[in-house]
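Report on the structure
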Amino acid sequence: MDSIIVTGNGPLKGQIPIAGAKNACLTLMPATLLSDEPLTLTNAPRLSDIKTMSALLESLGAEVSQLQDGKVLVMSSHALSSHVADYDIVRKMRASILVLGPMLARDGHAVVSLPGGCAIGARPVDLHLRALEAMGAELELKEGYVHAKAPNGLKGGTVDFPLVSVGATENALMAATLAKGTTVLKNAAREPEIVDLADCLRRMGAQIEGDGTGTITIQGVDRLGGATHPVVADRIELGTYMLAPAICGGEVECLGGRINLVGAFCEKLDAAGIDVSETDKGIKVSRKNGRVKSVDVTTEPFPGFPTDLQAQMMALMCTADGTSVLEEKIFENRFMHAPELMRMGAHIDVHGGTATVTGVERLKGAPVMATDLRASVSLILAGLAAEGETIVNRVYHLDRGYESVEEKLGNVGARIERVSGQ
Ligand code: EPZ
């Protein structure tokens, strides 16, 4: 297993290109199952999760080819050779559940393994299943698999989500495009990845309104065609790299970033004393001298502060002047980065879903363990500002969601290198 060694090296300067969004691409790819014509995605990120989703689609009989070194994905699924999403693949990547809605909508049957939990929480999929049942699907749970049937096709229905779920909204949205009649999704997720999916589905011929708000209305159509769609910029990668100059000083321009993708996050950076400005090429972030101010953060569904930036923001608050309270309201176990940051000298008190951080002047480098995707990158950020050397182990977590971190940070002056493990 590879490790990454980061040595505190002072202020950063330069530009970091932001890739296409992992969490948009992972829902755009299953959309190919809705049509027998090719779907091409441009600006696709080069990540291990994308490779996993490609393998899953191929296991169903879809064809996936990568052009331009993986930045372009050309997919087509004329006729599926299998309708079973196997536990072996699904357990590695929970987003695999997103093939359920499209497969059911297109062919009237699907067998998908339940994903099981992951490091940050139980991650049930009951809301995905409830939405499909509201569209007439017959579901049966057998030996860890969901057996879904819609012999006469799905029919339009009203889905009132009791809590906001990105994945359940995506599954329901894709399924509804081919359902007979009108579907209304209430209390739908409003993330930019939902809007990006709706844009792509409209290019394929779907009739969708209200995406980006809490109520999405879909008029089902008989069939969808092919399309070419650019994957939206990754707002979580963007926020992550915006924190690099914030935590160790300097000035960095994140190319391709737009403020509307990270509004609530930028408000917190501003309150912490970080300069953020939108340029014609992206977002410029700088921190003059002096310590960052501590701010309180509560994670919420979009447009609130994203849970996927909580770990990274905690790293910044570990070096802030004062005490900050971080409340994690989305997942039940998303503070596993805290004990690792404490190995670096951070002062963090965790009680349930609340972490209280008292900033220190300087963190100290140490060997630390990555536990999940966003926790791993928060340790890299902490290492940028720490005195001495930080060794982040198990960086396979990192590779799921961040393209060539060491190159992007190295190009703006960080001392960072990857050491391959045995
Ligand atoms: C998506 O996960 C993202 N993953 C996550 O990013 C992100 O943290 C999350 O949305 C929230 O923004 C992808 O898009 C691939 P949810 P998802 O359904 O869809 C509960 C990353 O680091 N829930 O919005 O699984 C659930 O337990 C990953 O890139 C149910 O109870 O998240 C959680 O508490 C991590 N029943 C809350 O809802 C359900 O059926 C929000 O989950 C579904 C969800």
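Not measured: the values here are computed from a predicted model.

Before going further, it helps to examine the overall build of the protein. In terms of regular secondary structure, the protein is built from 14 helices and 24 strands. Relative to the 2.2 N^0.38 estimate, which gives 22 Å for 422 residues, the radius of gyration of the protein is 21 Å and therefore close to what a compact globule would have. Per-residue burial over the protein gives 56% buried out of 422 residues. Counted over contacts in the protein with a minimum sequence separation of 6, partners at least 24 positions apart contribute 74%. When the 40 positive and 51 negative side-chain charges of the protein are each reduced to one mean point, those points stand 2 Å apart.

This part is about the pattern of salt bridges. All chains considered together, the criterion is met by 21 salt bridges. Between Arg 223 and Asp 36 there is a salt bridge whose closest N-O contact spans 3.3 Å. One end of the pair, Arg 223, is in the loop between β13 (215-219) and β14 (227-230); the other, Asp 36, is in the loop between α1 (22-28) and β3 (39-42), and 187 residues separate them in sequence. Judged by relative accessible area, which is 38%, Asp 36 ranks as partly exposed. Linking Asp 49 and Arg 400 is a salt bridge whose minimum nitrogen-to-oxygen distance equals 2.8 Å.

On to the site of the ligand, then. Residues in close proximity to the ligand total 22 residues, the closest being Asp 126, Leu 127, Ser 165, Asp 308 and Ile 330. Contacts to the ligand include Val 166, whose backbone N or O atom sits 2.8 Å from an oxygen atom. Here an oxygen atom of the ligand and a side-chain polar atom of Asp 308 are 2.6 Å apart. Its free accessible area being 830 Å², the ligand has 86% of it covered by the protein chains. Broken down by secondary-structure element, the contributors of at least two residues to the shell around the ligand are α1, α5 (126-133), α6 (166-176) and α12 (373-385). Take the shell around the ligand: its biggest share by element is three residues, from α5. A per-class count over the shell around the ligand returns 11 nonpolar, five polar and six charged. When we break the shell around the ligand down by domain, the ones giving at least three residues each are domain 1 (3-19 + 233-419) and domain 2 (22-230).

The next thing to look at is the domain arrangement of the protein. Accessible area lost upon the coming together of the parts is a frequently used measure of interface size. The domain architecture assigned to the protein consists of domain 1 (3-19 + 233-419) and domain 2 (22-230). Each of domain 1 and domain 2 has a C-alpha centre, and these two points are 31 Å apart. Each side of the interface is counted separately: domain 1 has 22 residues, and domain 2 has 21 residues. Of the roughly 1,700 Å² buried at the junction of domain 1 and domain 2 (both faces included), carbon and sulfur atoms supply 51%. In terms of surface lost to domain 2, no three residues of domain 1 exceed Phe 302, Arg 400 and Glu 403, which account for 35% of the buried area on that side.

Evaluation of the coordinates by the stated rule reveals two aromatic pairs. Judged by centre distance (6.4 Å) and plane angle (85°), the rings of Tyr 241 and Tyr 402 are edge-to-face. In this pair, Tyr 241 is assigned in helix α8 (residues 235-248) and Tyr 402 in the loop between α13 (396-399) and α14 (405-410), connecting sequence segments 161 residues apart. The exposure class assigned to Tyr 402 is buried, which follows from its relative accessible area of 1%.

Val 99, Leu 173, Leu 201, Met 242, Met 313, Met 314 and Leu 409 are the most contacted members of the largest nonpolar core, which totals 146 residues. Broken down by element, the residue count for this core peaks at nine residues, all from α8. Residue assignment places this core across two domains, with domain 1 (3-19 + 233-419) and domain 2 (22-230) each supplying three or more. With near-sequence residues (within four places) excluded, Leu 409 lies in contact with Ile 16, Tyr 241, Ala 244, Ile 380, Leu 384, Ala 414 and Ile 416.

Another aspect to go through is the UniProt feature "modified residue: 2-(S-cysteinyl)pyruvic acid O-phosphothioketal" (unreviewed entry) in the protein. Mapped onto this structure's residue numbering, the UniProt feature "modified residue: 2-(S-cysteinyl)pyruvic acid O-phosphothioketal" (unreviewed entry) falls at Cys 118. Inspection of the secondary structure puts Cys 118 in the loop between β7 (109-113) and α5. Residue classification places Cys 118 among the partly exposed positions, given a relative accessible area of 32%. If we ignore the near neighbours within four places in the chain, the residues touching Cys 118 are Arg 94 and Arg 123.

The next subject is the sheet that holds strand β24 (residues 415-419). Sheet architecture is open: four strands sit in the order β22-β23-β1-β24, paired in mixed fashion. Two strands close off the open sheet at either side, each with one partner strand: β22 (367-369) and β24. Direction aside, the axes of adjacent strands within the sheet are offset by 20° on average. With five bridges joining them, strand β1 (residues 3-7) and β24 adopt antiparallel strand pairing. Directly across from Ser 3, in β24, lies its bridge partner Val 419.

Bringing helix α2 (residues 48-59) into the picture now. Every α-helix winds through 3.6 residues per turn, so residues three or four apart in the chain are directed the same way. In a regular helix each residue adds 1.5 Å, so 12 residues correspond to 16 Å; α2 covers 17 Å between its end C-alpha atoms and thus fits that length. All of the buried residues in α2 are Asp 49, Ile 50, Thr 52, Met 53, Ser 54, Leu 56 and Leu 57. If you follow the buried residues of α2, they end up packed against α1, β4 (63-67), β5 (72-76), β6 (84-85) and α3 (87-90). Just beyond α2, the residue with positive phi is Gly 61, at close to 105°.

Moving on to the environment of Leu 132. Along the chain, Leu 132 falls in helix α5. With relative accessibility at 0%, the residue Leu 132 sits in the buried group. In the structure, Leu 132 is positioned 43 residues away from Ala 175 in sequence and 7.6 Å away in space, judged by C-alpha atoms. Beyond its immediate chain neighbours, meaning those up to four positions away, Leu 132 contacts Leu 100, Gly 101, Leu 104, Ala 137, Leu 154 and Ala 175.

Alignment of strand β16 (residues 275-278) against strand β17 (residues 282-287), held across four bridges, turns out to be antiparallel. Counterpart to Ser 277 in the pairing with β17 is Lys 284. Here β16 hands over to β17 after three residues, the two strands then running antiparallel side by side.

The rules behind these values
- Residues numbered from 1 in each chain as written.
- Predicted model: local features only at pLDDT ≥ 70, side-chain atom pairs only at ≥ 80, totals over all residues.
- Heavy atoms only, no water.
- Helix = DSSP H or I, 4+ residues; strand = E, 2+ residues; numbered from the N terminus.
- Rg over C-alpha atoms; globule rule 2.2 N^0.38 Å.
- Buried < 20%, exposed > 50% of the residue type's maximum accessible area, 1.4 Å probe, protein only.
- Contact = heavy atoms within 4.5 Å.
- Lys, Arg positive; Asp, Glu negative; His and termini not counted.
- Charge placed at Lys NZ, Arg CZ, Asp CG, Glu CD.
- Salt bridge = Lys/Arg side-chain N within 4 Å of Asp/Glu carboxyl O.
- Near = heavy atom within 4 Å.
- Polar contact = N/O pair within 3.5 Å; in protein donor to acceptor, adjacent residues only side chain to side chain.
- Areas by Shrake-Rupley, 256 points an atom, 1.4 Å probe, with all protein chains shown as cover.
- Nonpolar A, V, L, I, M, F, W, Y, C, P; charged D, E, K, R; others polar.
- Domains from an automatic or database assignment.
- Buried area = accessible area lost by both parts, 1.4 Å probe.
- Phe/Tyr/Trp six-rings, centres within 6.5 Å; stacked < 30°, edge-to-face > 60°.
- Core = buried A, V, L, I, M, F, W, Y, C linked by side-chain atoms within 4.5 Å.
- UniProt positions renumbered as here; feature names shortened; annotations may be inferred.
- Pairing = 2+ DSSP bridges.
- Axes fitted to C-alpha atoms, helices over the stretch in contact; angles between N-to-C directions.
- Expected span 1.5 Å × (residues − 1).

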